[in-house]
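If you want the building blocks of each chain, they are given just below.
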Amino acid sequence: MNGLRGLAWLLVFQSAGELISRALALPLPGPVLGLVFVLVALRWPVVREPVSECAHFLLTHLSLLFVPVGVGVMTHLALLTQYGLRILVVIALSTWIGLAVTALVLYGWPRRGEAR
């Protein structure tokens, strides 16, 4: 029951983000705003505990969420054979760039209480 309450909280915050994003014509997607709202609301136990239980349930069944992606890849095998090498290069480069930027920020960012 607590997990359903957590899912309800997630849906409420996503809906609120969507409504605010559309009402104010923001360039930010509604689910991103909803995620920010969830981040703020996780300070309170009434939100944190149900959302934690829902997240645990979703993470234990995460492999099921990849089934639609696998089906999509299988239905577009012709495109994959045509552009597969390019896609692989782009994925590898973007992964390495993301890792490099993360490492630079992590090791280049001054620690709390530590002067440069």
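Residues numbered from 1 in each chain as written. Predicted model: local features only at pLDDT ≥ 70, side-chain atom pairs only at ≥ 80, totals over all residues. Heavy atoms only, no water.

As for the overall build of the chain
Looking only at helices and strands, the chain features 5 helices and 0 strands. Counting from the amino terminus, the chain carries its helices and strands in the arrangement α-α-α-α-α. A compact globule built from 116 residues would reach a C-alpha radius of gyration of about 13 Å, whereas the chain, at 20 Å, exceeds it by more than 25%. When the backbone C-alpha atoms are referred to their principal axes, the chain occupies close to 50 × 50 × 35 Å. Counting over 116 residues, the chain shows a buried share of 12%. At a minimum sequence separation of 6, the contacts of the chain that also span at least 24 residues come to 45%. About 9700 Å² of surface is accessible on the chain, with carbon and sulfur atoms providing 75% of the total. Treating the 8 positive side-chain charges of the chain as one cloud and the 4 negative ones as another, the clouds have centres 9 Å apart. (Helix = DSSP H or I, 4+ residues; strand = E, 2+ residues; numbered from the N terminus. Rg over C-alpha atoms; globule rule 2.2 N^0.38 Å. Buried < 20%, exposed > 50% of the residue type's maximum accessible area, 1.4 Å probe, protein only. Contact = heavy atoms within 4.5 Å. Areas by Shrake-Rupley, 256 points an atom, 1.4 Å probe, with all protein chains shown as cover. Lys, Arg positive; Asp, Glu negative; His and termini not counted. Charge placed at Lys NZ, Arg CZ, Asp CG, Glu CD.)

Some points on unusual backbone geometry
Non-glycine residue Ala25 carries a positive phi angle of around 50°. Within the secondary structure, Ala25 is located in the loop between helix H1 (2–23) and helix H2 (30–41).

Focus on the pattern of salt bridges
Taken as a whole and assessed by the stated rule, the structure comprises 1 salt bridge. Residue Glu18 pairs with Arg22 through a salt bridge whose shortest N-O separation is 2.8 Å. Separated by 4 residues within a single helix, Glu18 and Arg22 lie in helix H1, roughly one turn from each other. What makes Arg22 exposed here is its relative accessible area of 65%. (Salt bridge = Lys/Arg side-chain N within 4 Å of Asp/Glu carboxyl O.)

Focus on the environment of Ala41
Structurally, the position occupied by Ala41 is in helix H2. Assessed through its relative accessible area of 4%, Ala41 is described here as buried. With 23 residues separating them along the chain, Ala41 and Leu64 place their C-alpha atoms 28 Å apart. With sequence-adjacent residues up to four places away left out, Ala41 is seen in contact with Phe13 and Val47.

Considering the nonpolar core
The biggest cluster of nonpolar side chains holds 5 residues, and these are Phe13, Val38, Ala41, Val47 and Val51. Counting residues per element, the ones that place at least two in this core are H2 and helix H3 (45–60). When residues no more than four places from it in sequence are discounted, the contact partners of Val47 are Trp9, Phe13, Ala41 and Leu42. (Core = buried A, V, L, I, M, F, W, Y, C linked by side-chain atoms within 4.5 Å.)

Digging into the environment of Thr75
On the secondary structure map, Thr75 appears in helix H4 (residues 67–75). Taking the relative accessible area as the measure of exposure, Thr75 reaches 54% and is therefore exposed. Each C-alpha atom of the pair Thr75 and Leu39 lies 37 Å from the other, and the pair is 36 residues apart in sequence.

Side note on the confidence of the model for the chain
When pLDDT is averaged across the chain, the result is 90; 94% of the residues are at 70 or more. Confidence scores differ between elements of the chain, with H4 showing the lowest mean pLDDT of 87 and H1 the highest of 94. (pLDDT = per-residue confidence, 0-100.)

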